[in-house]
Amino acid sequence: MATDDLPETFHVTTDEQLRAVSSLTRHRIMAVLRFEPATITQIAERVGLAKGSSSYHVRLLERAGLVRVVRTRKVRGVTERYYAMAARSVVLPDPGEGGPDVLMRHAVADLEAAPVDGERHVRMAHLRLTGEQFAELGARLEALADEYRGLSDPSLPDASFVFALFHPGSRARGEGGGR
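Now for a description of the structure that goes with this document. Note that the coordinates shown come from a computational prediction; the quantities given were computed from them, not determined experimentally. (Residues numbered from 1 in each chain as written. Predicted model: local features only at pLDDT ≥ 70, side-chain atom pairs only at ≥ 80, totals over all residues. Heavy atoms only, no water.)

## Digging into the overall build of the protein chain
Thought 1: The number of helices and strands found in the protein chain is seven helices and four strands.
Thought 2: Ordered by position from N to C terminus, the α and β elements of the protein chain give β-α-α-α-α-β-β-β-α-α-α.
Thought 3: Excluding contacts between residues fewer than 6 apart, the proportion of contacts in the protein chain whose partners are at least 24 apart in sequence is 62%.
Thought 4: When the accessible surface of the protein chain is totalled, it reaches about 12,900 Å², and 52% of it is carbon and sulfur. (Helix = DSSP H or I, 4+ residues; strand = E, 2+ residues; numbered from the N terminus. Contact = heavy atoms within 4.5 Å. Areas by Shrake-Rupley, 256 points an atom, 1.4 Å probe, with all protein chains shown as cover.)

Next up, the structure:
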């Protein structure tokens, strides 16, 4: 199955799906499957897991509907299954005020695990924007991510593009200040 045949988005709506995507290991497995199908053995090698662990995590993702078998083939009497993402992108529910943002936690964990001698572009900028500027910047960042996702070549090394554009809450509320 080519990625052209995939639905654009998969909306995480159930607790089972949320638990499945909340695991950093399963997040990394989904990253492997983002551009091309892979077998349990290939996934295990790319993520650095034992085959049994890889199989366990893929089964949980499959049960949650996030990945699916896209083809099979017989190899020495054993059926080899190729798994792929169920959609091009996964949309997570809003964590709500004070809730953990699974996507950003995974992004930070991936950044911390990235080779320190590799090229990185990490930046944080504090901005003051009108509502219109805020919306425009968000749309431009999303369009940029979509443009480069369209240029992705599975034969090239993985690269992650993460952004968060938000209005931070008041820090004084949760820190006991203001008495």
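Resuming the write-up.
## Quick look at the pattern of salt bridges
Thought 1: Tallied over the full model, the rule gives seven salt bridges.
Thought 2: We note a salt bridge from Glu8 to Arg88, for which the minimum N-O separation is 3.3 Å. Taken together, the positions of Glu8 in the segment before strand E1 (9-11) and Arg88 in the loop between strand E3 (78-85) and strand E4 (89-91) put the pair 80 residues apart, joining distant regions of the chain.
Thought 3: Note that Arg149 and Asp146 form a salt bridge whose closest N and O atoms lie 3.6 Å from each other. Here the residue Arg149 and the residue Asp146 both occupy positions in helix H6 (residues 131-151), the gap between them amounting to three residues, near one helical turn.
Thought 4: By relative accessible area, which is 28% here, Arg149 ends up partly exposed.
Thought 5: The class for Asp146 is partly exposed, based on a relative accessible area of 45%.
Thought 6: A network of salt bridges, in which partner residues are shared, links Glu8, Arg88, Asp146 and Arg149. (Salt bridge = Lys/Arg side-chain N within 4 Å of Asp/Glu carboxyl O. Buried < 20%, exposed > 50% of the residue type's maximum accessible area, 1.4 Å probe, protein only.)

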